[in-house]
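Listed below are the residues making up each chain.
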Amino acid sequence: MASLTPPPPPSAAPRRPFFVRWLYNPIQRRRVVIAGVLALLYASGLAYGSWTRVCAAERCPSIMRLNPERGGPQQTSKVYAADGRLITELGIERRTVLPLSEIPVHVRQAFIAVEDKRFYAHHGIDYWRILGAIKANFLTLRYAQGFSTITMQLARNVFPEHLGREKRLTRKLREARVAVELERNFAKDTILELYLNQISLGPNVAGVKAASRVFF
């Protein structure tokens, strides 16, 4: 005798997630593509406008102040005894300017390894380092890592009155613009020489030569 029990209804197909459904729906796919293109155009326009306008109205300093032909970083006046001993230095900061050839190679390599591994590869802005900093800051949910290159640090150290040190996007954009201008006008070795003679390494101590005298 045949069973009178009705067959079970066919099970409903599992509902696909939205990011899968839109692949198979031409209307939704078109909307997502258009929205993505518009968002990309808006972000590109905003980035371009910010980059071109951040230095408007002379908000960025002139890099000619760093021209080595005009003397470059100013060093302190030194007072020596009759036997050649250094008695004192006169100036706001202790600084002895050295050409790059007189700075030991291992000192140059140490600063590059710690501060800017791709110094000789980028043009003032290290985009790979920016991505790494964004990842590190996102994972820690705080400002855990910066992305300033040696050239950007040089700009910040030489022009503190124009660029400042606050953690603001406009300040970082101005710093990046000045760094790009430095890279366009000076050789890499010149930038490294200016940086090693300009970097602050202690209270009123600027440059590696002055730091070696103070700490060693």
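Since this is a predicted model, take the numbers as computed values, not measurements.

### Let's talk about the environment of Leu192
Now for step 1: One can find Leu192 in helix H8 (residues 188–198).
Now for step 2: Judged by its relative accessible area of 1%, Leu192 falls in the buried class.
Now for step 3: Sequence spacing of Leu192 and Ile112 is 80 residues, and the spatial spacing of their C-alpha atoms is 9.0 Å.

### Some remarks on the nonpolar core
Now for step 1: Core analysis: the biggest nonpolar cluster contains 27 residues, and Leu154, Val178, Leu182, Leu192, Tyr195 and Leu196 have the highest contact counts within it.
Now for step 2: Those elements that provide at least two residues to this core are helix H3 (105–115), helix H5 (150–158), helix H7 (169–185) and H8.
Now for step 3: With 5 residues, H8 is the single largest residue contributor to this core.
Now for step 4: Non-local contacts of Tyr195, meaning those with residues more than four positions away in its chain, are made with Phe111, Glu115, Ile150, Gln153 and Leu154.
Now for step 5: Grouped together as the second largest cluster of nonpolar side chains are 6 residues, Ile125, Ile130, Ala176 and Val180 included.

### Concerning the environment of Glu193
Now for step 1: Looking at the secondary structure, you find Glu193 in helix H8.
Now for step 2: Classification of Glu193 as partly exposed rests on a relative accessible area of 26%.
Now for step 3: Residues Glu193 and Arg108, 85 residues apart in the sequence, show an inter-C-alpha distance of 9.0 Å.
Now for step 4: Beyond its immediate chain neighbours, meaning those up to four positions away, Glu193 contacts Leu98, Pro99 and Leu100.

### Describing H5
Now for step 1: Among the 9 residues in H5, 9 count as buried, and that is most of the element.
Now for step 2: Among the residues of H5, Ile150, Thr151, Met152, Gln153, Leu154, Ala155, Arg156, Asn157 and Val158 are the ones counted as buried.
Now for step 3: Contacts made by the buried residues of H5 are with H3, helix H6 (160–163), H7 and H8.

### What about the pattern of salt bridges?
Two side chains that carry opposite charge are able to pair once their charged atoms sit near each other.
Now for step 1: Taken as a whole and judged by the stated rule, the model has 6 salt bridges.
Now for step 2: Across the pair Arg156 and Glu175 runs a salt bridge whose closest N-O atoms are separated by 3.0 Å. Residue Arg156 is found in helix H5, and its partner Glu175 is found in helix H7; the two are separated by 19 residues along the sequence.
Now for step 3: The residue Arg171 makes a salt bridge to Glu175 at a minimum N-O spacing of 2.3 Å. In this pair, Arg171 and Glu175 are both assigned in helix H7, 4 residues apart and thus about one turn of the helix distant. As far as the burial class goes, Arg171 and Glu175 line up, both buried.
Now for step 4: Salt bridges here are not isolated pairs; linked through shared partners, they connect Arg156, Arg171, Lys172 and Glu175.

Criteria and thresholds
- Residues numbered from 1 in each chain as written.
- Predicted model: local features only at pLDDT ≥ 70, side-chain atom pairs only at ≥ 80, totals over all residues.
- Heavy atoms only, no water.
- Helix = DSSP H or I, 4+ residues; strand = E, 2+ residues; numbered from the N terminus.
- Buried < 20%, exposed > 50% of the residue type's maximum accessible area, 1.4 Å probe, protein only.
- Core = buried A, V, L, I, M, F, W, Y, C linked by side-chain atoms within 4.5 Å.
- Contact = heavy atoms within 4.5 Å.
- Salt bridge = Lys/Arg side-chain N within 4 Å of Asp/Glu carboxyl O.

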